[in-house]
Amino acid sequence: MTLSRKYDAVMEHIEVTPEMRNRILGNIENMDFEEKKPAKLVHFSNLKRVATLAACFAVMLVGALILPDLLHNSQEPPVMGNNGIVEVSSVEELAETVGFEVAEPGNLPFEPRSVIYTAYWTEMAEITCTDGEQTAVLRKGTGADDISGDYNSYELISEISLGDIDVTLKGNGGTYALAIWTDGGFAYSLSLSGSAGEAEWIAMLQTIK
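A brief structural summary. (Residues numbered from 1 in each chain as written. Predicted model: local features only at pLDDT ≥ 70, side-chain atom pairs only at ≥ 80, totals over all residues. Heavy atoms only, no water.)

1. A look at the overall build of the protein
- Of regular secondary structure, the protein possesses 5 helices and 8 strands.
- When the helices and strands of the protein are listed from N to C terminus, the series reads α-α-α-β-α-β-β-β-β-β-β-β-α.
- A burial count over the protein gives 29% of its 209 residues as buried.
- Contacts in the protein between residues at least 24 apart in sequence constitute 43% of all its contacts with a sequence separation of at least 6.
- Summed over its atoms, the accessible surface of the protein is roughly 15100 Å², and 55% of this surface lies on carbon and sulfur atoms. (Helix = DSSP H or I, 4+ residues; strand = E, 2+ residues; numbered from the N terminus. Buried < 20%, exposed > 50% of the residue type's maximum accessible area, 1.4 Å probe, protein only. Contact = heavy atoms within 4.5 Å. Areas by Shrake-Rupley, 256 points an atom, 1.4 Å probe, with all protein chains shown as cover.)

Written out as structure tokens, the structure is:
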């Protein structure tokens, strides 16, 4: 038996009631036979690619805005380094950096082989002289506080006068290792790794005064 005959044989035994007929026709009327376009799917891979391109564009835009300033700044060496502490090559450059006059110590109890000039912001100048074994450190800073940084206890403390300046000498055993004084709104200190007598100190201090 062919397929069409089988269909006719089956349909002969199917009874379509008026109620079934109305329901079938109603369903047919409510059906939307217009071709629907499939919803557009956006794959996460495409979104990721778009986000990456947008980020790259933003980076390029920011770089174009700040690159000229970075190049300009890189061509200008900083005036100060190490948080405002900088070494310079001469006493003249040291005075220019701190903004006040600085004199090198003379008549030291040794012949300096190396001198280091250090500016601490614009507040203090330091000159360190050494011959490899002995050291002398001169400091000059704004204000009237003790700037020596020497907190040792000394058994011998003396006051000497150099003109209108009073100098405090500190030491042990009849010699002195530290001198501190103030003059004209500045504080001074001169320290030795060794020690010297009072007459030697007067000779050294007269070169700084």
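Back to the write-up after that little detour.
2. Quick word on the packing of aromatic side chains
- In the structure shown here, the tally under the stated rule is 3 aromatic pairs.
- Geometrically, the ring pair formed by F100 and F186 is tilted, given 4.9 Å between the ring centres and 55° between the ring planes. Taken together, the positions of F100 in the loop between α4 (91-98) and β2 (114-120) and F186 in strand β8 (residues 186-196) put the pair 86 residues apart, joining distant regions of the chain.
- Relative accessible area serves as the criterion here: at 10%, F100 is assigned to the buried category.
- Between Y120 and W121 the ring centres are 6.2 Å apart and the planes differ by 50°, which places this aromatic pair in the tilted class.
- When the ring centre of F186 is taken as origin, the NZ or CZ atom of K140, which lies over that ring, is 4.5 Å away. (Phe/Tyr/Trp six-rings, centres within 6.5 Å; stacked < 30°, edge-to-face > 60°. Lys NZ or Arg CZ within 6 Å of the ring centre and 35° of its normal.)

3. Quick notes on the pairing of strand β4 (residues 135-142)
- With 6 of its 8 residues buried, β4 lies for the most part within the structure.
- Taken together, the 7 bridges between strand β3 (residues 124-130) and β4 define a ladder with antiparallel strand orientation. Residue E126 lies in a different strand from β4, and its bridge partner there is R139.
- Adjacent in sequence and paired antiparallel, β3 and β4 are bridged by 4 residues, among which G132 carries a positive phi angle near 100°.
- In terms of strand pairing, β4 meets β8 through 7 bridges, oriented antiparallel. By the bridge assignment, K140 is partnered in β8 with Y188. (Pairing = 2+ DSSP bridges.)

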